[in-house]
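Observations on chain architecture
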Amino acid sequence: MGFSLKCIECHSTESEQAYTCSKCKGLLEVLYDKEAFSSYELAQKPGIWKYSKLFPCGGIAITLHEGNTPLYHINNLFSGMGIHVKFEGLNPTGSFKDRGMAVGMSKAIEFGFKKVVCASTGNTSASMAAYAAKAGVMPFVYVPKGKIALPKLAQALVYGAKIVQTEGTFDDALRKVFGSTKPDTYILNSINPYRPEGQKTLAFELSEQLEESGGVDTVVVPVGNAANISAIWKGFKEYKQLGLVKKLPRMIGVQAAGANPVYKAFLSGKFEPVANPDTIASAIRIGNPVSHVKAIAAAKESKGFITQVSDAELLNALAALAKHEGVFCEPASATTVAAVARMVQNNEIAKDDNVVCVLTGNGLKDPETAAKAATH
Ligand SMILES: *Cc1c(COP(=O)(O)O)cnc(C)c1O
Ligand SMILES: [Zn+2]
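All values reported here derive from a predicted model rather than from experimental measurement.

Thoughts on empty space enclosed by the protein
Taken as a whole and assessed by the stated rule, the structure comprises 1 cavity of 30 Å³ or more. The calculated volume of the largest cavity comes to roughly 310 Å³. Lining the largest cavity are 29 residues, with Phe-96, Lys-97, Gly-224, Asn-225 and Ala-283 sitting closest to its centre. Of all the secondary structure elements, the ones that give two or more residues to the lining of the largest cavity are α3 (123–135), α6 (195–199), β10 (218–222) and α12 (331–345). In the lining of the largest cavity, the residues fall into 12 nonpolar, 14 polar and 3 charged. Taken domain by domain, the lining of the largest cavity gets at least three of its residues from each of domain 2 (71–95 + 195–374) and domain 3 (97–187).

As structure tokens, this is what we get:
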């Protein structure tokens, strides 16, 4: 298949079913060999599978036709500028998680697993449960009790997941998964090295969608467990290596001010978890993000940065986007538009820059918070 799993810290090669480096506990990433690049071509397949020549998959593709989401020019809110939103809320289960889950589940099946597990603030569990249903395997989901939006829990339940409600935060739920999962069950949290391979396709789609208007200059991504921003960055780097784009965008990560360990680490150079993460944006209410090293590397390498917004700012952005653009996204997703609104106000975005806010989830995922935003 022309790839290997490498540790991002010590660069040693790991076995295909590893989650982290056996030598230094570092995160793993998929690296392709030269042939994978030299023989690259698009495939005649739906959604993300169009790019499957750069996937770590054999013949198996578990798919609900994820990907191929629309890009909207946000010209009512920001007139005369190149500000866009990529609406990932239109994926099969309503979030970008489907891109990575399709690839992760395909690997689980290829490896022969009959059970899969994740801890989740909601969207990962909804997505994993749907793809498990499609693949015919049993999904187990650990969620922090009382801390996930009801529609996401309902999705996981109706797709047939066994739900384990845990005390404490998402971070506690994730610890439980790693502490108690038996070797017969495949872990599909974002630490899984195959999920980013599906998520990177967002970069490929953006490159095509903005090709005729000068390419992508800036990508703004909400940061929770911190995997998506580096997955997208990896996608751009691979497209550049293929010669399909000339320039690389800067990557801007946005955290909620009450759950901001990556933002603080970006400024100080020292990572410290936030013990009691607190924000209305439940999808990014994470105090100890597993992929913080990758996220900070993506921001630095791309000459971008990590910033933060308040709950009031993200609620305003959520409401404004719905009211003026007809796009209804999740609170976590609205952080990106809030950050861009502030940059526009401070004249930090050039008029001809193509900026893309990644709207990671659908507004229907959290109607209660949306109702608050509308009356805010
Ligand atoms: C998972 C999720 C995020 C955070 O993505 P990470 O890869 O964990 O940083 C942001 N928004 C939504 C809607 C999500 O479901
Ligand atoms: Zn290592």
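From this point on, the discussion continues.
Comments concerning the site of ligand 1
Taken together, 16 residues form the shell around ligand 1, and within it Lys-97, Asn-123, Asn-225, Ala-226 and Thr-360 come nearest. With respect to ligand 1, the backbone of Asn-225 contributes an N or O atom lying 2.8 Å from an oxygen atom. In the complex, the protein chains occlude 96% of the 390 Å² of accessible area that ligand 1 would expose alone. Mapping ligand 1 onto the cavity grids shows that it belongs to the largest cavity.

Quick notes on the sheet that holds strand β12 (residues 305–309)
Strand order in the open sheet made by the 6 strands is β4-β5-β13-β10-β11-β12, with mixed pairing throughout. Edge strands, defined here as strands with exactly one partner in the open sheet, are β4 (71–73) and β12. The average undirected angle you get between the axes of adjacent strands in this sheet is 25 degrees. Note: strand β11 (residues 250–256) against β12, 5 bridges, orientation parallel. Looking at β12, one finds that Ile-252 is bridged to Phe-305. Of the strands in this sheet, β4, β5 (82–87), β10 and β13 (354–359) touch helix α7 (residues 201–209), which is tilted by about 135 degrees from β5. Against the sheet, helix α8 (residues 228–241) makes contact with β10, β11 and β13, and its axis sits at roughly 170 degrees relative to β11, the strand it touches most.

What counts as what
- Residues numbered from 1 in each chain as written.
- Chains lettered and ligands numbered in written order.
- Predicted model: local features only at pLDDT ≥ 70, side-chain atom pairs only at ≥ 80, totals over all residues.
- Heavy atoms only, no water.
- 1 Å grid on protein atoms, 1.4 Å probe; cavity = no way out; pocket = protein on both sides within 12 Å on 5 of 7 lines; lining within 4 Å.
- Points joined across faces, edges and corners; volume = space filled by probe spheres on them.
- Helix = DSSP H or I, 4+ residues; strand = E, 2+ residues; numbered from the N terminus.
- Nonpolar A, V, L, I, M, F, W, Y, C, P; charged D, E, K, R; others polar.
- Domains from an automatic or database assignment.
- Near = heavy atom within 4 Å.
- Polar contact = N/O pair within 3.5 Å; in protein donor to acceptor, adjacent residues only side chain to side chain.
- Areas by Shrake-Rupley, 256 points an atom, 1.4 Å probe, with all protein chains shown as cover.
- Sits in = over half its atoms within 2 Å of the grid points.
- Pairing = 2+ DSSP bridges.
- Axes fitted to C-alpha atoms, helices over the stretch in contact; angles between N-to-C directions.
- Contact = heavy atoms within 4.5 Å.

These values are about where atoms sit, not about what they do.
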